[in-house]
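Below, each chain spelled out in residue letters.
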Amino acid sequence: MKIFSFGRILFSFLFLSAAAFGQQVSGVVIDQVSGEPLSGVSVTISNTVVERSTDIEGVFVFSEGLPQGEQILTLSKNGFFSKHFPLKITSEDINLGQIPLVPNLPEMQRQTEIISLGDHELDEEQSVSNISGLLQASKDVFLNAAAFDFSPTFFRPRGYDSEYGKVLINGIEMNKIFSGRPLWSNWGGLNDVQRNQEFSNGTTPSSVSFGGPAGTTNIIMRASQYTHGGKFSYAVANRSYSGRAMGSYHSGLLASGWAYSFSVARRFAEESFVEGTIYDANSFFASVEKKINDSHSLNFTAFYTPNKRGRNSPNTQEVFELKGNSYNAYWGWQDGEIRNSRVQVVEEPVFMLNHSWTVNKALEINTGVAYQFGKIGNSRIEYGGSRLYREGTEDIFLGGGSNPDPAYYQKLPSYFLRFTDAQNFREAYLAEQEFRSFGQINWGELYLANESATVAGGNAVYALYEDRVDDRQISAASNFRYVVSSQLAITGGVDFRQLESENFASVLDLFGATSFLDVDAFSTGSKAQNDLKNPNKLVSENDIFKYHYSFDATKGGGFLQAEFNLQKIETYLAIETSATTYRRTGHFQNGNFPDNSLEESEKINFGNYGVKGGITYKLNGRNYFSTNLSGFTKPPALRNSFSNARQNNDVVLGLRSEKIMTADAGYQIRMPFLTGRITGFYGLFKDATEVSFYYADGLAGSGRDVTNAFVQEIMTGIDKRHVGVEFGLEIPVTTTLKIRSAGSIGEYMYQSNPNIYLTSDDFTEVRHMGQTFLEGYRLPGGPQRAVQVGFEYRDPAYWWISASANFFFKSFIDVAPLPRTKNFETDLDGLPLLNFDKTIAQELLQQEEFESYMLVNVVGGKSWRIKNRFLGIFASLNNILDATYKTGGYEQSRNVNYALLKADMERDKPLFGSKYWFGPGTTYYAHVYLRF
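Only a predicted model underlies this, so the values are computations on that prediction, with no experimental measurement involved. (Residues numbered from 1 in each chain as written. Predicted model: local features only at pLDDT ≥ 70, side-chain atom pairs only at ≥ 80, totals over all residues. Heavy atoms only, no water.)

Chemist: Just checking my understanding: could you explain helix H6 (residues 425–437) for this structure?
Modeler: Because each turn of an α-helix spans 3.6 residues, side chains separated by three or four positions end up pointing in the same direction. Taking 1.5 Å per residue as the helical rise, H6 with its 13 residues ought to reach 18 Å, and the 18 Å between its terminal C-alpha atoms agrees with that figure. Of all the residues in H6, the buried ones are Ala 428, Ala 431 and Phe 435. Down the axis of H6, the buried side of the element spans an arc of 65 degrees, and every buried residue falls inside it. Exposed residues on H6 whose side chains face more than 90 degrees from its buried face are Phe 425, Arg 426, Tyr 429 and Ser 437. Elements in contact with the buried residues of H6: helix H4 (317–323) and helix H5 (413–416). (Helix = DSSP H or I, 4+ residues; strand = E, 2+ residues; numbered from the N terminus. Expected span 1.5 Å × (residues − 1). Buried < 20%, exposed > 50% of the residue type's maximum accessible area, 1.4 Å probe, protein only. Arc of directions from axis to C-beta. Contact = heavy atoms within 4.5 Å.)

Chemist: Whenever I open this one, the sheet that holds strand S18 (residues 315–316) confuses me. Can you help?
Modeler: Hydrogen bonding along the main chain pairs the strands of a sheet, whether they run parallel or antiparallel. Strand order in the open sheet made by the 3 strands is S18-S46-S45, with antiparallel pairing throughout. The sheet is open, and its two edges are formed by S18 and strand S45 (886–890), each paired on a single side. Taken together, the 4 bridges between S45 and strand S46 (residues 915–918) define a ladder with antiparallel strand orientation. Bridge assignment links Gly 889 to a residue of S46, and that residue is Tyr 916. (Pairing = 2+ DSSP bridges.)

Chemist: Looking at this structure, I do not really get the environment of Glu 792. What am I missing?
Modeler: Looking at the secondary structure, you find Glu 792 in strand S41 (residues 785–795). The buried category is assigned to Glu 792, whose relative accessible area is 4%. Residues Glu 792 and Gly 860 lie 68 residues apart in sequence; the distance between their C-alpha atoms is 9.1 Å. Looking at Glu 792, its side chain comes within polar contact range of the side chain of Arg 740, at 3.4 Å. (Polar contact = N/O pair within 3.5 Å; in protein donor to acceptor, adjacent residues only side chain to side chain.)

Chemist: When you look at the sheet that holds strand S2 (residues 42–45) in this model, what are you seeing that I'm missing?
Modeler: Spatially, 4 strands are ordered S3-S2-S5-S6 in an open sheet, and the strand pairing comes out antiparallel. Both outer strands of the open sheet, strand S3 (51–53) and strand S6 (83–89), are each paired with one neighbouring strand and no more. Neighbouring strand axes in the sheet, compared pairwise and without regard to direction, differ in orientation by 25 degrees on average. The pairing of S2 with strand S5 (residues 69–76) spans 4 bridges and is classified as antiparallel. Across the sheet, the residue bridging to Thr 44 is Thr 74, located in S5. (Axes fitted to C-alpha atoms, helices over the stretch in contact; angles between N-to-C directions.)

Chemist: I keep staring at the environment of Phe 874 and nothing clicks. Help me out?
Modeler: With respect to the secondary-structure elements, Phe 874 resides in strand S44 (residues 869–878). Residues Phe 874 and Asn 708 lie 166 residues apart in sequence; the distance between their C-alpha atoms is 55 Å.

Chemist: Hey, could you run me through unusual backbone geometry in this one?
Modeler: With the exception of glycine, most residues fall at negative phi, and the peptide bonds are largely trans. For Asn 536, which is not glycine, the phi torsion reads 50 degrees and is therefore positive. Tracing the backbone through its elements, the reader meets Asn 536 in the loop between strand S28 (516–517) and strand S29 (538–539).

Chemist: Would you mind going over the nonpolar core with me for this structure?
Modeler: Within soluble globular proteins, side chains that are nonpolar generally end up buried alongside one another. Ranked by internal contacts, the top residues of the largest apolar core, which has 33 residues, are Leu 699, Val 711, Leu 758, Leu 818 and Phe 824. Of all elements in the fold, only strand S36 (674–697), strand S37 (708–732), strand S38 (737–750), strand S39 (755–760), strand S40 (763–771), helix H8 (838–844), helix H9 (898–905) and S46 reach the threshold of two or more residues within this core. (Core = buried A, V, L, I, M, F, W, Y, C linked by side-chain atoms within 4.5 Å.)

Chemist: Just checking my understanding: could you explain the packing of aromatic side chains for this structure?
Modeler: In the structure shown here, the tally under the stated rule is 43 aromatic pairs. Taking 6.1 Å as the distance between ring centres and 35 degrees as the angle between the ring planes, the aromatic pair formed by Tyr 547 and Tyr 549 counts as tilted. Look at Tyr 547 and you get buried, because its relative accessible area is 5%. Where Tyr 582 meets Phe 606, the ring centres are 5.9 Å apart and the plane angle is 65 degrees; that geometry is what we call edge-to-face. A residue pair is termed long-range when its members are at least 10 positions apart, and Tyr 582 in strand S31 (residues 569–586) and Phe 606 in strand S33 (residues 604–620) qualify at 24 residues. Under the relative-accessibility criterion, Tyr 582 is labelled buried at 1%. Aromatic rings pair up to connect Phe 142, Phe 150, Phe 155, Phe 808, Tyr 853 and Tyr 885 into one cluster. For Arg 339, the ring lying beneath its charged end belongs to Trp 443, and the centroid distance is 4.4 Å. (Phe/Tyr/Trp six-rings, centres within 6.5 Å; stacked < 30°, edge-to-face > 60°. Lys NZ or Arg CZ within 6 Å of the ring centre and 35° of its normal.)

Chemist: Looking at this structure, I do not really get the pattern of salt bridges. What am I missing?
Modeler: Pairing is possible between side chains of opposite charge, provided their charged atoms come close. Evaluation of the coordinates by the stated rule reveals 46 salt bridges. Measuring nitrogen to oxygen at the nearest pair gives 3.4 Å for the salt bridge that ties Arg 583 to Glu 600. Within this pair, whereas Arg 583 is found in strand S31, its partner Glu 600 is found in strand S32 (residues 599–600), the two being separated by 17 residues in sequence. Close ionic contact of Glu 792 with Arg 740 constitutes a salt bridge, the shortest N to O distance being 3.4 Å. Taken together, the positions of Glu 792 in strand S41 and Arg 740 in strand S38 put the pair 52 residues apart, joining distant regions of the chain. In this pair, the class of Glu 792 matches that of Arg 740, namely buried. A network of salt bridges, in which partner residues are shared, links Asp 140, Arg 158, Asp 664, Arg 677 and Glu 726. (Salt bridge = Lys/Arg side-chain N within 4 Å of Asp/Glu carboxyl O.)

That's the geometry; what it means functionally is another story.
Written out as structure tokens, the structure is:
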């Protein structure tokens, strides 16, 4: 009863604290250059939570909820400079007439560039994943630097992975349930229809989602939100693709109440900066909206962006020294054409239906439903093809080929020099010459090997196959915003997603053979069968083999948020709750796990919650102090919930939700001579889980026979800490020249010693390896410190140029956890290693820090008005000094005990040294466009 009474008193106070209402304030916003009305402009009044968006005619109207007195009216829209001017609200109506906004050509043009060039780096299947924030380009100096100049280094603001941010389209979440991350390929190439965005930095309020530490981006792709007109552009580049053509047209809201919008694009490359990385992508978008009346609007949106991209390999230092930073081991020539063995294909169309309901001037409800389906395929070469022999009642599988990877360790010079007492210099020299002059996949040899096996009555030795994921997902969300008074607004929503995901391997090419034997040639007897229901199955092209299972997942929840705005204080409070369910269903009965691979697994259920709040103190109109706090739980991603989903139903032992706590505090200044902010941040992530797969040598035996195996490494109880400061400053030297500086000084590290256990089809028991001593090691994922200094010149004749020097420090290798367990100092027989030297061990396990580096970038553009049309050009040069640098890398987990690792590291060139991704050298991007 006391809580209820307190709540009534508090609500009454918030409701009645609004100042006396004024009358109507209205105006029309136009483009200063073209004179055309601007739709979707955000119009706000200081010290209120009241916000309006201009309609298709550029009109906005405030008719209630306005405090009287001196206020500041703010107009903002992506691609335009914001406008702030004083306004005195009285009891009289105010018509502001036409209000021109000046186009921000650098922002508009650079956003096109960064989205185009960034989606390749944002492919989350690599070991290094990037920030979801390449779309977060805004007027914030730091976020602009992070989006435009820091992103090629895999820099992450605050060190947060993209799974900790939310990306929505028309209010519907697009993060994948499997990984928790957005897959940017699903809407790549749709730059011209992605400009209407609402971005919330960090855990600050969002109108469509509770959000996450890495922020919330809502891309609005409704037909009525696009200004009438069209655009065609053509770009050339040498980084992800070599060419891109794009066209779009928007009708605007017609007198009949209809609006439509279309966009098509094509991106292509035979190879880009990295050798053999083919790029073939098409993009299609259509949106149709009907404004039924002043209260209801219905919008249908569909987009389909089929794309195919060749991957690039991580390389050891030895390979880099022999072939350079553009080398890629995944491709070779076939009949005079480039053929990449590791190609990703994404074909997942999305259909959306959205309903907007303006109940009254204070309440608006937006509801949407979406359906996404299609496939993701990742190809690779299988070289374990075998032939069945029978000796009595026993099946024996013989065959298999050599690893076709041209950078395989047994083909490199170091392999022939591995023994100091028996170095084969002749073979090492020949290997070096072969690798330098060729060093690519020999597709002809694969065809020859299969032809020989077929002539001898056998099956294919080599096959090209793809790991396929066929998803079908339905999503629904409904959000509302209720303006209680000029000082109080309440936002909330509910959402639901249901996923059916089919996972299997599919044969793509048998290299001239007609069949492939679907068994595990490294096992014997019934254990060799990938599917006991169909033993010794021969498969052809397009057949399913190796593994086949499905995931079912459901996620649902809701959030409620209150925003309060007074003369000196802005504050908000939000809560959320959600429920998640995962289940695996096996379609193959695996020979190694006959009792635990077929049919349904147990259901995994998670209930989660969150709370966040923040406050901003406005000392005056130019100085602001703010702080934000959050605490919530997050379910593990589907990929980290099953220990070996390809073979069995085993759920990760001790699986639990991740606990997240974040805080930040900052100061913002808006002076005529200086604008900027500085923010300190802290994030603590507890009880995370990771599942990894690799081949390990040197497993402690404890009486067991198996000391080397392909293992699943399950690491639980992972705690991570992120702490640092980020800043952005802009100094207008003249009306046309600005000097900028931005940076982030962070420290991101493991905060605990997680637990590890191993599973494998080479041993039946779960191997508990105890703790891995990771506490104090730095987290991987790009530089933890970055600083930019640059300038921008904007000429009144609509041309501009900017340049920046960007400095990066404190990038670290991704360390292997297993060598940092007790296994490292234990012999194969389970006893302590003899001759174990703790000092040498510490040196072997010291985390590698990459060298610091500087990247210099220059960008510029120019536009012309030709009657009612606009012609523009834009160009950028990145890394003009051609610096060589590492964007990431990982330790190979092959040698997991002291003796093996010490022997390898003492070699001149380790056999299993760390693998790295290298940044590109000098790259360019240029495009020309016509707006009409």
